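The lines below spell out each chain.
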Amino acid sequence: MDVITGEDDLGMQGYIMFGMQYAILNAQHVATQIEINQIEKKPLWVTSDKQHELQGLLDALSHARNGEFLPMSDIFNSMSIAMEHHAELKAQGGDFQTAFNTDFSKVAANNIAAWDGNKWNALGGGFNGVVYDVAYNEADDSLYAVGWFTKAYNYVEGDGQSLQGEVATTAIEVNRAARWASGKWEPLDGGLNNRAYSVLLDGDDVYVAGDFSMAGDVVTYRTVKWAGGQWERFGPEWNNRVYALEKSPAGIFVGGMFSSGGKTSRSAYFSFFDGSGWPDTGINLNNWVHTVKVVGGDFYVGGWFDVATNPDGSVVRAERIAKWDGTTWSSLGKGVGGTIIPSVYSIEEIDGQIYAGGNFLAAGKESSRYVARWDGEQWHALAVGVNDRV
């Protein structure tokens, strides 16, 4: 998902792609979900990255269906990175500072906001940094947020919102992972010691992936589980960042920059937990994975790779996007390309169609600016596309 400056240029380049994965998820996924929200009246959650300007976000958060762009009702003053929705939810999160409504009113929403079907609302005072991903737990009506922030802000009890949209808030230390419940943010036992890129719910268990080595006082290697109110080690000793988490009946899948999980998993860039361990399936890719999407019994994987290796050692040319059916890899036509470093940052499925977003200007034989649709046989452009990486 983007162009960002940060601690280390190489790392940010990878993050950018992941960021762009979410940006995509926001340009493509969020826009798509907002369009669906408009049709089905479902609220949703969104996050954004303040490195992008409003116009870029406006362009990115427009979704094309049947060749027509459907603009969102209102936007943020920065870029959106991750989102979650539920039929009864009325909130959103991100790394923007302001959300704008169609009646021209605006809401101070530091990095996280809520959409109730008609307007944006703040979730407390938000965060002091980027939110990369969010996950909603329907069972207890709570929301988990992860990213590159250290503090969350709650409203001071008894202090209502003023006419100017200002509220009194108090800061709490959360360190890159927090839970929203009963109208306030809560820390997760000391949080994480480095950025977190993805959060996944499986029942009451919460899985987090990123570039951290400690969760509270638990030593971990870029993936961890939050269960029963405490952190637990989860996963092998990944030797580099983990960007993506996805679940299916077969287990929990992860993707990222790692080329090994030490002695526990030798799978490169893409691996999964089957409930008891990390089997060495031999389903390797030759470069980074930024996103994984389960559709039925298939796994669609996007990233920076161009070769996928099957368990029997055979290889498949797969330009930045591939499908794993549980047995073999297959390509999606000629994949995507057209830029110096093409990549797929996010994948979504709507009505049996696969939507991809990222850093590319062509999908198959189609000229397609940063977003495209796969119908199972060929790629299609989404109108004129958008004006920057998704």
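On a predicted model such as this, the values are computed, not experimentally measured, just so you know.

**Student:** I'd like to hear about the overall build of the chain, residue by residue, with values.
**Tutor:** A tally of helices and strands in the chain yields two helices and 38 strands. A buried classification covers 57% of the 390 residues belonging to the chain. In the chain, the proportion of contacts linking residues at least 24 apart, taken out of those at least 6 apart, comes to 48%. Accessible surface for the chain amounts to roughly 15,300 Å². Of this, 45% is attributable to carbon and sulfur atoms.

**Student:** Tell me about the pairing of strand E23 (residues 242-248), residues and numbers included.
**Tutor:** For E23, the tally of buried residues reaches six of seven residues, placing the bulk of the element in the interior. The pairing of E23 with strand E24 (residues 251-256) spans six bridges and is antiparallel. Its bridge partner being in E24, alanine 244 is matched across the sheet by glycine 255. Connecting E23 to the next strand, E24, in antiparallel fashion are two residues.

**Student:** Which residues make up the sheet that holds strand E30 (residues 321-324), and what values do they have?
**Tutor:** The strand order E26-E27-E30-E31 describes an open sheet built from four strands, whose pairing is antiparallel. Of all strands in the sheet, those bounded by a partner on one side alone are strand E26 (289-295) and strand E31 (329-331). The sheet shows a mean angle of 25 degrees between the axes of neighbouring strands, taken without regard to direction. As judged from the three bridges shared by E30 and E31, these two strands associate in the antiparallel manner. What sits directly across from tryptophan 324, in E31, is tryptophan 329.

**Student:** Break down the packing of aromatic side chains for me, citing the residues and quoting the values.
**Tutor:** Considering all chains together, one arrives at 19 aromatic pairs under this definition. With a centroid separation of 5.2 Å and 85 degrees between ring planes, the pair formed by tryptophan 238 and tryptophan 278 is classed as edge-to-face. Linking tryptophan 238 in the loop between strand E22 (230-233) and E23 with tryptophan 278 in the loop between strand E25 (270-273) and E26, this pair joins segments that are 40 residues apart in sequence. When sorted by exposure, tryptophan 238 lands in the same class as tryptophan 278, which is buried. Seen from their ring centres, tryptophan 374 and tryptophan 379 are 5.3 Å apart, and the 55 degrees between their planes marks the pair as tilted. Tryptophan 379 matches tryptophan 374 in its accessibility class, with the two residues each being buried. Three or more aromatic residues link up through ring pairs in this structure, and these residues are Tyr207, Phe234, Trp238, Phe258, Phe273 and Trp278. For the cation-ring pair, arginine 195 lies above tryptophan 148, with the distance from its terminal atom to the ring centre recorded as 4.1 Å.

**Student:** Report on unusual backbone geometry, specifying residues and quantitative values.
**Tutor:** Although it is not a glycine, phenylalanine 104 adopts a positive phi angle of roughly 75 degrees. For phenylalanine 104, the location among the structural elements is in the loop between strand E6 (98-100) and strand E7 (106-108). In the Ramachandran plot, asparagine 175 falls in the positive-phi region, its phi being about 55 degrees despite a non-glycine side chain. Tracing the backbone through its elements, the reader meets asparagine 175 in the loop between strand E14 (169-173) and strand E15 (177-181). Asparagine 175 gets classed as buried once you look at its relative accessible area, which sits at 17%.

**Student:** Let's hear about the side chain of threonine 220: which residues, and what values?
**Tutor:** Looking at the element boundaries, threonine 220 is found in the loop between strand E20 (218-219) and strand E21 (223-227). Every residue in contact with threonine 220, bar those within four places of it in the chain, is listed here: Phe212, Ser213, Met214, Ala215, Arg233 and Phe234.

**Student:** So, the sheet that holds strand E17 (residues 196-202): which residues are in play, and what are the values?
**Tutor:** Here we have four strands laid out as an open sheet, ordered E17-E18-E21-E22, and antiparallel in their pairing. Taken across any chain shown, the strands that pair with only one partner, and hence form the sheet edges, are E17 and E22. Within the sheet, the average angular offset between the axes of one strand and its neighbour, ignoring direction, is 30 degrees.

**Student:** If you had to explain the pairing of strand E18 (residues 205-210) to someone new, which residues and values would you point to?
**Tutor:** Within E18, five of the six residues are buried, which leaves it mostly tucked inside the rest of the structure. Across six bridges, E17 lies against E18 in antiparallel orientation. When the sheet's bridge partners are listed, aspartate 202 is paired in E18 with aspartate 205. Counted between consecutive antiparallel strands, the loop separating E17 from E18 contains two residues, among which glycine 203 sits at a positive phi close to 70 degrees. Bridge count between E18 and E21: four bridges; the pairing is antiparallel. Its bridge partner being in E21, alanine 209 is matched across the sheet by threonine 223.

Reading the values: the criteria
Residues numbered from 1 in each chain as written. Predicted model: local features only at pLDDT ≥ 70, side-chain atom pairs only at ≥ 80, totals over all residues. Heavy atoms only, no water. Helix = DSSP H or I, 4+ residues; strand = E, 2+ residues; numbered from the N terminus. Buried < 20%, exposed > 50% of the residue type's maximum accessible area, 1.4 Å probe, protein only. Contact = heavy atoms within 4.5 Å. Areas by Shrake-Rupley, 256 points an atom, 1.4 Å probe, with all protein chains shown as cover. Pairing = 2+ DSSP bridges. Axes fitted to C-alpha atoms, helices over the stretch in contact; angles between N-to-C directions. Phe/Tyr/Trp six-rings, centres within 6.5 Å; stacked < 30°, edge-to-face > 60°. Lys NZ or Arg CZ within 6 Å of the ring centre and 35° of its normal.

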